[in-house]
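These are the residues of each chain, in order.
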Amino acid sequence: MSRIKRNLLIGLLFSLPALCLYFIFTIFPFFYGFYISLCQWDGFNEPQLIGIDNYIKIFQDSKVFEALSHNVIYAVGTVLVKLVFGFLIALILNKKLRGITAFRTILFTPVVISFIAIGSIWTWIYNPTQGMLNRILQNLGVMSPQNPIAWLGDARYALIAVMIVDVWEWLGYHIVLFLAGLQTIASELYESARIDGANGWQSLKYITMPQMKSVFYMNLTFCLVGGFNVFDVIMAMTKGGPYGKTEVIAKYIYDTSFGSTNKFGYATAISIFVFLLMLSVTLVILYFMRKAEEQM
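All of these numbers come straight from a predicted model, not from anything done at the bench.

### Some words on the overall build of the protein
- When its secondary structure is counted, the protein shows 13 helices and two strands.
- Scaling as 2.2 N^0.38, a compact globule of 296 residues should have a C-alpha radius of gyration of about 19 Å, whereas the protein reaches 24 Å, well beyond that.
- Projected onto its principal axes, the C-alpha positions of the protein cover 85 × 75 × 30 Å.
- Put simply, the protein has 296 residues, and 36% of those count as buried.
- Sequence separation of at least 24 residues holds for 65% of the intrachain contacts in the protein that already meet a minimum separation of 6.
- Total accessible area on the protein is roughly 18100 Å²; 68% of this is exposed by carbon and sulfur atoms.
- If the 21 positive side-chain charges of the protein are averaged to one point and the 16 negative ones to another, these points end up 8 Å apart.

### Examining the pattern of salt bridges
- For the coordinates displayed, the defined rule picks out four salt bridges.
- Residue R156 pairs with D154 through a salt bridge whose shortest N-O separation is 2.9 Å.
- Assessed through its relative accessible area of 19%, D154 is described here as buried.
- Connected through shared salt-bridge partners, E247, K251 and D255 make up one network.

### Re the side chain of T238
- Among the structural elements, T238 can be located in the loop between α11 (232-237) and α12 (249-258).
- Engagement of the side chain of T238 in a polar contact is seen with the side chain of T246, the distance being 2.7 Å.
- Ignoring anything within four residues of it in the chain, the contact list for T238 reads L152, V162, V233 and T246.

### A look at the nonpolar core
- In this structure, I58, V64, F178, M212, I249 and I270 are the most contacted members of the largest nonpolar core, which totals 40 residues.
- When contributions to this core are tallied by element, the ones reaching two or more residues are α2 (53-58), α3 (62-93), α7 (158-182), α10 (213-229), α12 and α13 (264-295).
- For this core, the leading source of residues is α3, giving ten residues.
- I58 has contacts with V64, F65, Y266, A269, I270 and F273, leaving out every residue within four places of it along the chain.
- Judged by nonpolar contacts, the second largest core, of 19 residues, contains Y126, M143, A161 and V233.

### Some remarks on the packing of aromatic side chains
- For the coordinates displayed, the defined rule picks out 21 aromatic pairs.
- Aromatic pair F59 and F273: ring centres 5.6 Å apart, planes at 80 degrees, arrangement edge-to-face. A residue pair is termed long-range when its members are at least 10 positions apart, and F59 in the loop between α2 and α3 and F273 in helix α13 qualify at 214 residues.
- F59 gets classed as exposed once you look at its relative accessible area, which sits at 58%.
- Look at F273 and you get buried, because its relative accessible area is 18%.

### Structural notes on the environment of V233
- Inspection of the secondary structure assignment puts V233 in helix α11.
- V233 gets classed as buried once you look at its relative accessible area, which sits at 4%.
- In this structure the C-alpha to C-alpha distance between V233 and T129, which are 104 residues apart in sequence, comes to 22 Å.
- Every residue in contact with V233, bar those within four places of it in the chain, is listed here: Y74, V162, V165 and T238.

### Describing the side chain of T246
- With respect to the helices and strands, T246 occurs in the loop between α11 and α12.
- Contact partners of T246, with chain neighbours within four places excluded, come to H70, A158, L159, I234, T238, G240 and G241.

### A word on a nonpolar patch on the surface
- A cluster of nonpolar side chains, contributed by L21, F23, I24, F25, F28, Y32, Y35 and L49, occupies part of the molecular surface with about 870 Å² of accessible area.
- Examining the composition of the nonpolar patch, we find that seven residues originate from one element, helix α1 (residues 3-37), more than from any other.
- Mapped onto the elements, L49 comes out in strand β2 (residues 48-49).
- Relative accessible area serves as the criterion here: at 61%, L49 is assigned to the exposed category.

### Describing the confidence of the model for the protein
- When pLDDT is averaged along the protein, the result is 90; 99% of the residues meet or exceed 70.
- Mean pLDDT per element in the protein: helix α4 (residues 100-108) is the minimum at 83, and α2 is the maximum at 96.

### Topic: unusual backbone geometry
- Residue P242 follows G241 across a cis peptide bond; omega there is -5 degrees.
- Positionally, P242 belongs in the loop between α11 and α12.
- A positive phi angle, close to 55 degrees, is found at K239, a residue other than glycine.
- Structurally, K239 is set in the loop between α11 and α12.
- Judged by relative accessible area, K239 falls into the exposed class, the value being 54%.
- Here Y243, not a glycine, exhibits a phi torsion of approximately 55 degrees, which is positive.

Conventions we followed
Residues numbered from 1 in each chain as written. Predicted model: local features only at pLDDT ≥ 70, side-chain atom pairs only at ≥ 80, totals over all residues. Heavy atoms only, no water. Helix = DSSP H or I, 4+ residues; strand = E, 2+ residues; numbered from the N terminus. Rg over C-alpha atoms; globule rule 2.2 N^0.38 Å. Buried < 20%, exposed > 50% of the residue type's maximum accessible area, 1.4 Å probe, protein only. Contact = heavy atoms within 4.5 Å. Areas by Shrake-Rupley, 256 points an atom, 1.4 Å probe, with all protein chains shown as cover. Lys, Arg positive; Asp, Glu negative; His and termini not counted. Charge placed at Lys NZ, Arg CZ, Asp CG, Glu CD. Salt bridge = Lys/Arg side-chain N within 4 Å of Asp/Glu carboxyl O. Polar contact = N/O pair within 3.5 Å; in protein donor to acceptor, adjacent residues only side chain to side chain. Core = buried A, V, L, I, M, F, W, Y, C linked by side-chain atoms within 4.5 Å. Phe/Tyr/Trp six-rings, centres within 6.5 Å; stacked < 30°, edge-to-face > 60°. Patch = residues over 30% accessible without salt bridge, like charges linked within 9 Å, V, L, I, M, F, W, Y side chains within 5 Å. pLDDT = per-residue confidence, 0-100.

What follows is the structure, given as structure tokens:
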């Protein structure tokens, strides 16, 4: 046996435990889930194969697309805020200022806090009678104490209120990604531009922004995927209410699986449908990311 083949065999042997675990916990569940999506199954009795009926039912179920519309609003709204403010704050944090390290730590802290804890904290903040937000607005004279706003109980504000929590929680994560990208840009580029008479705006437009294209696309991908996977903060704060105005697709899948109907086959079909939808969006973003890298 040649040395190359022997090294390849040794590498495969060392990788085998990890590959086995990957197959058991990722590959097999995915294909088994696809099989379940073709069945009528309540989680207890034997699955009954019904073909693509579950997938046909998706396009006849108005609740699926209503939940997806909430995800779209959620994703677009949070994406815009995270990308814009994340990048601007990262530009500030990239400067050599006193106390900047402590400020970076403070901004990243919400990322590592438990979702349940975050939900509890913000549920109290949004409380219409005892919450901090309404108290502040009342002290500023913006709101009457006799007419407090039920931020999580009013269909007009509930989804926006949850989106604010999501931005507060994950903004630090995207700031770190932007900051990492900014620190990879060679300082010589800025020095050359400064010598040529470029001002700060011109350096940002012609150096920083082109160099940060791939980081923007990466952040965009994470934000969109997160917007369509959101579940925990909804469950912790609104449970899909009021009147279904914060019902997102993951919550609908959960209710379909573990609710009174126990439609595991149909819920799995919705999950795969959403997966294929997000895969398509991700592939489009990756295509533009690759084009941006080729132009650099």
